[in-house]
Structures are given as structure tokens and as C-alpha cells.
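Below, each chain spelled out in residue letters.
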Amino acid sequence: MTGTRRHWAAGPLFVAPFLTLFLLLFLAPLGYAAYLSLFQSRLIGGTVFVGLDNYTQALGDPQLLHGVGRVALFFVIQVPVMLLLALLFALALDSGLLRLARVIRLGIFVPYAVPSVVAALMWGYLYGPDFGPFAQLSRKLDLPAPHFLSDGWMLGSLANIVTWEFVGYNMIILYAALRTIPQELYEAAAVDGAGAWRVAWSVKLPALRPALLLTLLFSVIGSFQLFNEPNLLMKIAPDVISSSYTANLYAYSLAFTGQQVNYAATVSFLLGLVIVIASYGVLLTANRGSRESRSSRESLRRAA
């Protein structure tokens with residue numbers, strides 16, 4: 001009986017460090033931000049309670065709406081390209097046909113180890129219209145210099161930086177999921193006469209659905225929190241990237257440049273709500289697709 005009590009007492013002790021940090025570093029700041037979002041600082045009267053007025057103002061704020069719409073477009077353009085490249089690299093490495101597979105895997109993953117600030121500065125130099133190597137090469141060839149930092153190209157330039165940074169990270173997740181597929185499935189497919197492409201389509205891709213869903217959820221969160229890259233490129237292209245270019249950058253500018261801490265907390269809360277809704281939509285779509293595919297397989301089995 002004493003051993004059982006000690007066993008039950010050990011669980012809370014092991015969990016206590018995590019719960020303490022979770023409370024102090026996540027829940028407490030979140031609650032304080034929620035508290036701040038209910039107030040306004042005014043020249044006359046000081047800080048006053050306004051209830052949901054900040055949220056009403058934010059829902060009609062064109063700068064916030066344009067920032068959210070811009071990162072949504074960024075997500076639609078960048079994430080499919082990034083995940084497709086990560087999937088292709090993972091399948092190529094798992095095929096066993098590549099020479100120096102470990103070196104290639106490390107080379108693809110290395111950009112993720114580069115801090116996003118350094119990556120943005122590096123690509124900002126490469127994009128430079130005056131001193132960048134692309135512009136210098138274009139001038140030597142008597143060609144017009146590419147306008148990577150122009151209004152029409154900026155979103156694609158940011159997508160290229162983020163893709164370069166995170167393809168390796170997503171590739172590692174997918175590659176690790178591929179390594180967990182039981183060898184018996186490959187042997188059964190070989191007995192049935194399936195080739196490499198058929199194995200990839202019918203065995204590997206279905207097994208990768210949970211890992212793909214995980215990378216997609218991470219991409220949803222990362223896309224709507226886009227901050228470092230536009231914040232640094234804003235110094236190079238201030239006429240293109242404004243302080244409200246993304247919702248996260250807008251909240252930062254409100255808090256630390258405009259000194260509107262209460263409204264910045266409101267914008268941050270609404271951005272978190274958008275992320276939750278988008279993530280839930282991804283999960284709902286994925287679960288519905290898996291249920292439909294499962295029901296179709298069961299129908300085929302019954303018909304057979």
C-alpha cells in the first residue's frame with residue numbers, strides 16, 4: 001500500500017516543474033495581456049476600463065485586416081511549395097538511391113540551424129538592388145536588375161527566405177516518419193509486384209499523413225506569426241514594408257513604437273484567435289478526409 005502511495009505521489013512531482021513554468025511563462029502573461037486588452041490609456045482620465053471597445057476597433061482596423069490577409073496569402077503560396085519540397089527530399093533520402101545521403105541530409109537541414117535574423121540579413125544582401133550579386137550580374141550582362149524588394153515581388157521574396165529556412169526542418173520530420181514504417185509493408189508490396197513509385201504512393205504517403213498534418217499545423221502557426229523577416233527587410237525597403245505589413249509586426253509596432261500597449265494586446269489576442277481557427281480548420285479538413293478514405297476502403301472490401 002505504501003509503495004502504491006509513493007507511486008501516485010511521484011507523478012505530480014515529475015510534472016510540477018513543467019506546470020510551474022507553464023503557469024509562469026505562458027498562462028500568467030496570457031492572463032495579463034487579456035487584462036490589458038480591456039483598458040485604454042487616454043490623455044485625459046489616464047487608464048480607463050473600456051470593456052470590448054478595443055476588440056470592436058480592431059475588427060474594423062484596415063491595417064490589421066490587410067496584415068492578416070497578407071499573411072493568409074503568404075500561407076497559401078509558401079506552405080504548399082515548402083511541404084512539397086520537404087516531402088520530395090524525404091522520399092529521395094528514404095529511397096536509398098542517393099549517394100552521400102547523410103551529407104545531403106545535413107546540407108538540407110543546415111539552413112534551419114541558421115537564425116532567422118541572420119538568414120533575413122543574408123537574403124537581404126542577395127536581394128539588394130544596388131550591391132546585391134543578382135543586381136551586379138544583371139548589370140554586367142546588360143539586363144534589367146530584378147526587383148526582389150519591390151511591392152510586387154516582396155511577398156515572394158519573403159516566401160523564398162522562409163522556404164529556405166524550414167524545408168530542412170520539415171524534411172527531417174517526414175524522413176523520421178518514413179523510417180518508422182514497418183519493413184513488412186515493403187516486403188508485402190514487393191511480393192505484389194509494386195515498383196518504387198507504387199510503393200511511394202500506396203505505402204509511404206498514407207503512412208506520412210500524421211507527420212504531414214503536424215508539419216501543416218506548424219506551418220499555420222509560423223505563417224501567421226511572420227515577424228523577423230519582414231521586420232529586418234523593412235530597413236532595406238521601407239517604402240514596401242510598413243509597420244503593419246503583417247499582423248504580428250503590427251502588434252509589435254503598436255506596443256514598442258506607438259506605446260499603445262492595450263491595443264497591441266488586443267491585436268495579439270485576435271491574431272491568436274485567427275491561428276486557432278485556421279488550425280482547427282486544418283484539423284477538421286484532415287479528419288474528414290481520413291474518414292472518407294477509410295469509408296471508401298471499407299466499401300471496397302465489402303464489395304470484394
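The structure we're discussing is the one just above.
Small disclaimer: the values here were computed from a predicted structure and weren't measured. (Residues numbered from 1 in each chain as written. Predicted model: local features only at pLDDT ≥ 70, side-chain atom pairs only at ≥ 80, totals over all residues. Heavy atoms only, no water.)

Colleague: When you look at the overall build of the chain in this model, what are you seeing that I'm missing?
Modeller: Of regular secondary structure, the chain possesses 13 helices and two strands. The C-alpha radius of gyration of the chain comes to 25 Å, more than 25% above the 19 Å expected for a compact globule of 304 residues. Projecting the C-alpha coordinates of the chain onto the three principal axes gives extents of approximately 80 × 80 × 45 Å. In the chain, which comprises 304 residues, the proportion classed as buried is 35%. Put simply, of all contacts in the chain between residues at least 6 apart along the chain, 66% involve residues at least 24 apart. In the structure as shown, the chain presents an accessible area of about 18900 Å², 68% of it carried by carbon and sulfur atoms. (Helix = DSSP H or I, 4+ residues; strand = E, 2+ residues; numbered from the N terminus. Rg over C-alpha atoms; globule rule 2.2 N^0.38 Å. Buried < 20%, exposed > 50% of the residue type's maximum accessible area, 1.4 Å probe, protein only. Contact = heavy atoms within 4.5 Å. Areas by Shrake-Rupley, 256 points an atom, 1.4 Å probe, with all protein chains shown as cover.)

Colleague: Just checking my understanding: could you explain the nonpolar core for this structure?
Modeller: Inside soluble globular proteins, nonpolar side chains tend to come together where they are buried. In terms of nonpolar packing, the biggest core is built from 44 residues, with L64, M171, L174, L208, F224 and V267 touching the most fellow members. Of all the secondary structure elements, the ones that give two or more residues to this core are α2 (53–59), α3 (62–95), α7 (154–179), α8 (183–191), α9 (196–207), α10 (209–224), α12 (247–256) and α13 (261–303). Residue contributions to this core peak at twelve residues, all from α3. If near-sequence neighbours (up to four positions away) are discounted, L208 is found in contact with L87, L174, A177 and L178. Y127, L149, V162 and L226 belong to the second-largest nonpolar core, a separate cluster that totals 20 residues. (Core = buried A, V, L, I, M, F, W, Y, C linked by side-chain atoms within 4.5 Å.)

Colleague: Help me understand helix α4 (residues 101–113) in this model?
Modeller: Relative to the 18 Å expected for 13 residues at 1.5 Å per residue, α4 spans 19 Å between its end C-alpha atoms, a close match to the ideal helical length. Roughly 25° is the biggest bend found in α4, and it falls at G107, with proline P111 one to four residues downstream. (Expected span 1.5 Å × (residues − 1). Bend = angle between axes of the 7 residues up to and from the residue.)

Colleague: What's the story with the pattern of salt bridges in this structure? I'm lost.
Modeller: Close approach of charged atoms allows side chains of opposite charge to pair. For the structure on display, the rule yields two salt bridges. The salt bridge involving D94 is made with R179; its shortest N-O contact spans 3.0 Å. You can see D94 sitting in helix α3 and its partner R179 sitting in helix α7, a full 85 residues away along the chain. Its salt-bridge partner being D94, residue K204 comes within 2.9 Å of it at the nearest N-O pair. With a gap of 110 residues between them, K204 in helix α9 and D94 in helix α3 connect regions that are remote in the sequence. The pair K204 / D94 is uniform in exposure class, with both members buried. Taken together, the shared-partner salt bridges in this structure form one network comprising D94, R179 and K204. (Salt bridge = Lys/Arg side-chain N within 4 Å of Asp/Glu carboxyl O.)

Colleague: Just checking my understanding: could you explain α3 for this structure?
Modeller: Since the α-helix advances by 3.6 residues per turn, residues separated by three or four positions end up pointing in the same direction. With 34 residues, α3 ought to run about 50 Å at 1.5 Å a step, and its terminal C-alpha atoms sit 49 Å apart, in line with that. Positive backbone phi, approximately 80°, marks G96, located one or two places after α3.

Colleague: For this particular structure, what's the right way to read a nonpolar patch on the surface?
Modeller: Residues F14, V15, F18, L19, L21, F22, L23, L24, L25, F26, L27 and L30 make up a contiguous nonpolar surface patch of roughly 1200 Å² in combined accessible area. Taking the relative accessible area as the measure of exposure, L27 reaches 39% and is therefore partly exposed. (Patch = residues over 30% accessible without salt bridge, like charges linked within 9 Å, V, L, I, M, F, W, Y side chains within 5 Å.)

Colleague: What am I meant to see in the packing of aromatic side chains here?
Modeller: For any two aromatic rings, the description comes down to two numbers: the centre-to-centre distance and the angle of the planes. Tallied over the entire structure, the rule returns 18 aromatic pairs. A centroid spacing of 6.4 Å and a plane angle of 40° characterise the contact between Y169 and F218, whose relative ring orientation is tilted. Of this pair, Y169 sits in helix α7 while F218 sits in helix α10, and the two are 49 residues apart along the sequence. An angle of 40° between the planes, with centres 5.0 Å apart, marks the rings of Y252 and F256 as tilted. Separated by four residues within a single helix, Y252 and F256 lie in helix α12, roughly one turn from each other. (Phe/Tyr/Trp six-rings, centres within 6.5 Å; stacked < 30°, edge-to-face > 60°.)

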